[in-house]
Amino acid sequence: MTVAVGVTGNATELFRANTAHSPSYFALRRAAGGLSPSGGGRDIVDFCIPCNPYFPSPAMYDKLQESMRDILTYYPSSTDVITNELCSLLGLNPQTVAMGNGSTELITWIDHLLVRESLAIPIPTFGRWTDQPMETGKRVDMFLLPEAAGFALDPAAFVAFVRARGSRTAVICNPNNPDGGFLPKHAVVALMDALSDLDLVVIDESFLDFSDAEAWPSVADEAVLRPNVVVLRSLGKNFGLHGIRFGYLVANPALAGKVRRMLPKWNLNSFAEAVVFMLKDHREEYAQSLRMVSRDRQEMTWQLAALPGLTVYPSQGNFVFVKLPDGVDGAVLRDRLLAEHGVLVRECGNKLGSSSRFMRLVVRPQADVQRLLTGLSTVLYGSTWYAAPAPAPAAAAPVQEQPPPPPQPAPQQLPQIQPAPPPQPLPQIQQAPPPQPLYEQPFAPPPAPPQPVYEVRREPQPQPQVQPQPQPQVQPQVQPRAEGPATDMYPALAAEVPPAFAAVPSGTPRPALYWQDAS
């Protein structure tokens, strides 16, 4: 999402007006007075709404624009017609599918029709799975995902929790939102079988298309064989079209039919119909968009992990979950990123099981990520030491391997947009010293070697100490080696340490991916 913001103060106030969800594109635009970039506004890069940035293709947008008058003028076909077309593309039986005006509409009907007195769900997760049943008076049993385990779900522990609480419905999101945690297919099937006596088991696969851990991890085929399982899928997130509210569920014909009969006759709009009937001609572009998101997720994870004090959790969604350094308030960081850098992020303080120390950052192309990294570095550490882009060869290689034209946009964007954003914000923020860096407050800033990021600069110190002591008695010559790798083993790493890293305060945790710290 890109929106021009002229009055950033009004925009940040929107977050306090509604604490349940982030403000919409249209609300931000209205807060900015409808300004455009040429009219004095500023583009916002959206790391908040988890949308596919590479789909639809430009050709699809052109075709939709050509059909705009008809789409807006005429009624859509019946939901059965649109459902039959979608099922022919996905290889599903239409009797096992119910399409809704967004997955949220389907969650509402699942709650009203299929959930009885209680529902168990791991948290943090998508808010409608906790809010919706509570609004209708159900008991919601919340299973807290352990931060120490990287928010990974232990299926056996969850089953034991459901038994202990006596829950009649169980829901899991795979991958989970906001942390991107993923269960392999065999584990999900085992979970469904272990809970076969429940009234209902829901597997929310809204972000599963972005996963690259397995070739086909969906349990939709297994769900139709079971009397109490519903699989929920989203189309807006996968196709980059949140504005078109459409999603579907898969279940055995009895469950799917029960929901389908309650849905309004024209609950899908003409935009949804137009997109569904275009998909058969654009399958390769869609597959290519998912490959590009997977590549961007790996690169973005690596780059975020290089920021001192940030913890980055493994994700199989099109977003990355991060924990901020000690003493950093996520709401303050969110507001400053928006006001000073035009970057919109999702602070997770309003998610049950999370706090303001956590943020969910949507995977975006490299040009946008560089703007995010510059903003984070400036606001958190008070300097722009992290302004260099990641190594280009690793990012470009996977895209060039793919056949058709879609790989072209990504390489072209990197050189065009990458140089432009850094020069504009950097002078503005460096000239305004009053705002204090958020991350320097809990740490004393004595000058010290860049120990938190690269533990390499200590090499020159031990070697002079060993040579003056040639006595055979003193054999702790091994001690200097234990402190860090020898310089001759990593000459390039010692030479490439940026001088600006010396400004990082002593005592800052060494950045690393979460699974490296846990091992």
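Keep in mind it's a predicted model, so treat the numbers as computed, not measured. (Residues numbered from 1 in each chain as written. Predicted model: local features only at pLDDT ≥ 70, side-chain atom pairs only at ≥ 80, totals over all residues. Heavy atoms only, no water.)

A. Local environment of the overall build of the chain. Scanning the chain from N- to C-terminus turns up 22 helices and 14 strands. Out of the 519 residues belonging to the chain, those deemed buried represent 52%. Just so you have it, the chain exposes about 23,200 Å², and 56% of that area is on carbon and sulfur atoms. (Helix = DSSP H or I, 4+ residues; strand = E, 2+ residues; numbered from the N terminus. Buried < 20%, exposed > 50% of the residue type's maximum accessible area, 1.4 Å probe, protein only. Areas by Shrake-Rupley, 256 points an atom, 1.4 Å probe, with all protein chains shown as cover.)

B. The packing of aromatic side chains, seen in detail. Counted under the stated rule, the structure contains 14 aromatic pairs. Measuring from centroid to centroid gives 5.3 Å for Phe 143 and Phe 161, while their planes differ by 55°, and the two rings are tilted. Residue Phe 143 is found in strand 5 (residues 139-144), and its partner Phe 161 is found in helix 8 (residues 155-165); the two are separated by 18 residues along the sequence. The exposure class assigned to Phe 161 is buried, which follows from its relative accessible area of 18%. Centroid distance Phe 151 to Phe 358: 5.6 Å. Interplanar angle 85°. Geometry classified as edge-to-face. Taken together, the residues span a long stretch of sequence, with Phe 151 in the loop between strand 5 and helix 8 and Phe 358 in strand 13 (residues 358-362) at a distance of 207 residues. (Phe/Tyr/Trp six-rings, centres within 6.5 Å; stacked < 30°, edge-to-face > 60°.)

C. Quick peek at the pairing of strand 3 (residues 97-100). Side chains of strand 3 alternate between two faces, with Val 97 and Met 99 and Ala 98 and Gly 100 buried alike. Strand direction decides the pairing type here: strand 3 and strand 9 (residues 247-251), joined by four bridges, are antiparallel. Residue pairing in the sheet places Gly 100 in a bridge with Gly 247 of strand 9. (Pairing = 2+ DSSP bridges.)

D. The arrangement of helix 5 (residues 79-90) in detail. Given a rise of 1.5 Å per residue, twelve residues ought to cover 16 Å, and the 16 Å separating the end C-alpha atoms of helix 5 matches this to within 8%. Restricting attention to buried positions, one finds in helix 5 the residues Thr 79, Ile 82, Thr 83, Glu 85, Leu 86, Cys 87 and Leu 89. Two residues or fewer past helix 5, Gly 91 is found with a positive phi of approximately 75°. (Expected span 1.5 Å × (residues − 1).)

E. Structural view of helix 7 (residues 128-135). Within the sequence span of helix 7, burial applies to Arg 128, Trp 129, Thr 130, Gln 132 and Pro 133. For helix 7, the elements touching its buried residues are helix 6 (103-114), strand 4 (118-123), strand 5, strand 6 (169-173), strand 7 (200-204) and strand 8 (229-234). (Contact = heavy atoms within 4.5 Å.)

F. Spotlight on the pattern of salt bridges. Within the structure shown, the criterion is met by 21 salt bridges. Linking Asp 199 and Arg 168 is a salt bridge whose minimum nitrogen-to-oxygen distance equals 3.1 Å. Placement of Asp 199 in the loop between helix 9 (185-194) and strand 7 and of Arg 168 in the loop between helix 8 and strand 6 is noted, with a sequence separation of 31 residues between them. Sharing partners across several salt bridges, the network here consists of Arg 116, Arg 168 and Asp 199. (Salt bridge = Lys/Arg side-chain N within 4 Å of Asp/Glu carboxyl O.)

G. Molecular detail of the packing of helix 13 (residues 283-305) against helix 15 (residues 366-381). Between helix 13 and helix 15, the least distance of the axes is 11 Å, while the angle of their chain directions is 15°. Considering their axes alone, helix 13 and helix 15 lie roughly parallel with respect to each other. Here helix 13 runs over helix 15; the crossing is right-handed. Here helix 13 contributes Glu 299, Met 300, Gln 303 and Leu 304 to the contact with helix 15, which in turn contributes Gln 366, Val 369, Gln 370, Leu 372, Leu 373 and Leu 376. Here the contact of helix 13 with helix 15 is built from residues that sort into six nonpolar, three polar and one charged. (Axes fitted to C-alpha atoms, helices over the stretch in contact; angles between N-to-C directions. Parallel < 35°, antiparallel > 145°, perpendicular 65-115°, else oblique. Left-handed = near helix turned anticlockwise from the far one by under 90°. Nonpolar A, V, L, I, M, F, W, Y, C, P; charged D, E, K, R; others polar.)

H. Structural detail: unusual backbone geometry. Here the amide bond leading from Phe 55 into Pro 56 is cis, since omega sits at 0°, within 30 degrees of zero. Tracing the sequence through the fold places Pro 56 in the loop between strand 2 (42-47) and helix 3 (58-66). Going from Asn 174 to Pro 175, the amide bond is cis rather than trans, its omega being 0°. Position of Pro 175 relative to the elements: it lies in the loop between strand 6 and helix 9.

I. Representation of the state of the cysteines within the structure. Considering all chains together, one arrives at zero disulfides under this definition. Of the cysteine sulfurs around Cys 48, a residue in no disulfide, the closest is that of Cys 348, at 8.8 Å. Residue classification places Cys 348 among the buried positions, given a relative accessible area of 0%. (Disulfide = S-S within 2.5 Å.)

J. Spatial organisation of the confidence of the model for the chain. Here the chain averages 79 in pLDDT, while 67% of its residues score no lower than 70. Contacts for the low-pLDDT stretch residues 441-461, under 50 throughout, to residues beyond four places or in other chains number 42 contacts. A low-confidence stretch, residues 474-502 stays under pLDDT 50, and its non-local contacts, those more than four residues away or across chains, total 29 contacts. (pLDDT = per-residue confidence, 0-100.)

K. How the structure looks around the environment of Ala 213. You can see Ala 213 is positioned in the loop between strand 7 and helix 10 (220-223). Taking the relative accessible area as the measure of exposure, Ala 213 reaches 45% and is therefore partly exposed. Taking the C-alpha atoms as reference points, Ala 213 and Phe 182, separated by 31 residues in sequence, lie 8.6 Å from one another.

L. Fine view of the side chain of Asp 111. Inspection of the secondary structure puts Asp 111 in helix 6. Taking the relative accessible area as the measure of exposure, Asp 111 reaches 3% and is therefore buried. What Asp 111 contacts, discounting residues up to four positions off in sequence, is Gln 132, Pro 133, Thr 136 and Lys 138.

M. Up close: the pairing of strand 11 (residues 319-323). Across the five residues that make up strand 11, a large majority, five, are buried. Across the two faces of strand 11 the burial is the same, with Phe 319, Phe 321 and Lys 323 and Val 320 and Val 322 all buried. The turn joining strand 10 (residues 311-312) and strand 11, which pair antiparallel and follow one another in sequence, is formed by six residues.

N. Just the environment of Gly 100, in detail. Positionally, Gly 100 belongs in strand 3. Since its relative accessible area comes to 0%, Gly 100 is described here as buried. For the pair formed by Gly 100 and Arg 260, sequence separation is 160 residues and the distance between their alpha carbons is 8.7 Å. For Gly 100, the residues in contact, after removing those within four places along its chain, are Glu 105, Leu 106, Arg 245, Phe 246, Gly 247, Asn 267 and Leu 268.

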